[in-house]
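Observations on the three-dimensional arrangement
Chain by chain, the residues run as shown.
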Amino acid sequence: MIIKINRNGNYQTYEINNIEDRTTILEVLEQIKNYQDPSLSYRAQCRASICGTCAVKVNSQTVLACKTKVKDLAVNDEIVIEPLSNMPVIKDLVVDHDEFLNKLKKAKAWLIPKEPFEKVYPEDLATYDRETDCILCGICYSVCPAFTNDKDFGGPINFVKIFRFWKDKNDALNDERIQTAAENNITSCIHCKYCTFSCPKQIPVEEDILQLEFYGKQKGIIKKQEDFGFNFGFGF
Ligand code: FES
């Protein structure tokens, strides 16, 4: 198997001969680092799809390296591994998360507890259970084309977090969360659904953005596109 890795703009080629059906992209990177080239840099910690640090592009698909089997993405016995898009590269496959973490701060992506605390029942949790699975891997952020038109767009990950806490009855901000979505330029989303299709936790990211936008526009918290002189035909 030929493995090509984008190392700061140059593609370096390695060959690995003991690929099995269960071999993951992360195991390939470890083999290269341990036995061929100790200078190769990448991120990984949990090896179990939990920490979200190992996201990379493989043959143009953005995936978790520890969860993805080589055989599922190889074409003609070859894979090309590249760093995530939409984030500056620090070295090889290691990208700088600062911008997207700063945007999470701007989105207040944490619970602001309400007093007194209310019991949460299964039917309450069901409204945001999927969103609690977000591992901050940055895959949705890296595949999002909306930054081309608006570099201040919060990015899909922010709206997943805003949605999750907006739905939580123990969060004190309630509809202030919608105002936060507006301040993070939610209307710059072009609804391409790349975020939903690429999320390794199957979170319905674009659907969450639609719900936030719909509610915000109904309540007058988010301006409708017509108010800006545009209409993309979404009917709200
Ligand atoms: S190493 Fe933690 S998600 Fe892959």
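Residues numbered from 1 in each chain as written. Predicted model: local features only at pLDDT ≥ 70, side-chain atom pairs only at ≥ 80, totals over all residues. Heavy atoms only, no water.

As a further point, take the state of the cysteines. A covalent bond bridging the sulfur atoms of two cysteines is what the word disulfide describes. Applying the stated criterion across every chain, the model contains zero disulfides. Summary of cysteine pairing: cysteine 189 is not part of a disulfide, and the nearest cysteine sulfur, belonging to cysteine 195, is at 6.3 Å. The exposure class assigned to cysteine 189 is buried, which follows from its relative accessible area of 12%. (Disulfide = S-S within 2.5 Å. Buried < 20%, exposed > 50% of the residue type's maximum accessible area, 1.4 Å probe, protein only.)

Quick look at the environment of alanine 182 now. Within the secondary structure, alanine 182 sits in helix 7 (residues 176–183). On the basis of relative accessibility, which here comes to 25%, the residue alanine 182 falls in the partly exposed class. Along the sequence, alanine 182 and leucine 212 sit 30 residues apart, while their C-alpha atoms lie 9.4 Å from each other. Other than its neighbours up to four places away in sequence, alanine 182 contacts Ile221 and Ile222. (Helix = DSSP H or I, 4+ residues; strand = E, 2+ residues; numbered from the N terminus. Contact = heavy atoms within 4.5 Å.)

Cis geometry is adopted by the peptide bond preceding proline 116, which originates at glutamate 115 and carries an omega value of -15 degrees. Relative to the assigned elements, proline 116 resides in the loop between helix 3 (98–106) and helix 4 (122–125). Residues other than glycine seldom take positive phi values, yet serine 60 does so here, at roughly 70 degrees. With respect to the secondary-structure elements, serine 60 resides in the loop between strand 3 (55–58) and strand 4 (61–64). Judged by its relative accessible area of 63%, serine 60 is exposed. Positioned with a positive phi, leucine 136 is a non-glycine residue whose angle comes to about 55 degrees. Inspection of the secondary structure assignment puts leucine 136 in the loop between helix 4 and helix 5 (139–143). What makes leucine 136 partly exposed here is its relative accessible area of 35%.

Let us look at the sheet that holds strand 4. Across a sheet, strands are paired by hydrogen bonds formed along the backbone, either parallel or antiparallel in direction. Here we have five strands laid out as an open sheet, ordered 2-1-5-3-4, and mixed in their pairing. Single-partner strands in this sheet number two, and they are strand 2 (10–15) and strand 4. The sheet shows a mean angle of 30 degrees between the axes of neighbouring strands, direction not considered. Here strand 3 pairs with strand 4 via four bridges, running antiparallel. Each residue of the ladder has a partner; that of alanine 55, found in strand 4, is leucine 64. Of the strands in this sheet, strand 1 (2–7), strand 2, strand 3 and strand 5 (78–82) are in contact with helix 1 (residues 25–36), which crosses strand 1 at around 80 degrees. (Pairing = 2+ DSSP bridges. Axes fitted to C-alpha atoms, helices over the stretch in contact; angles between N-to-C directions.)

For the chain, the assigned domains are domain 1 (2–95) and domain 2 (98–228). Here the C-alpha centroids of domain 1 and domain 2 sit 29 Å apart. The interface is formed by 13 residues belonging to domain 1 together with 15 residues belonging to domain 2. With both sides pooled, the region where domain 1 packs onto domain 2 buries about 1,000 Å², and carbon together with sulfur makes up 58% of that total. On the domain 1 side of the interface with domain 2, the three residues burying the most area are Thr62, Asn86 and Met87, jointly 45% of the side's total. Linking domain 1 with domain 2 are zero salt bridges. Inspection of the domain 1/domain 2 interface yields five residue pairs in polar contact (both at pLDDT 80 or more). A total of three residues in the side of domain 1 that touches domain 2 trace back to one element, the largest contributor, which is strand 4. Classifying every residue of the side of domain 1 that touches domain 2 gives seven nonpolar, five polar and one charged. (Domains from an automatic or database assignment. Buried area = accessible area lost by both parts, 1.4 Å probe. Salt bridge = Lys/Arg side-chain N within 4 Å of Asp/Glu carboxyl O. Polar contact = N/O pair within 3.5 Å; in protein donor to acceptor, adjacent residues only side chain to side chain. Nonpolar A, V, L, I, M, F, W, Y, C, P; charged D, E, K, R; others polar.)

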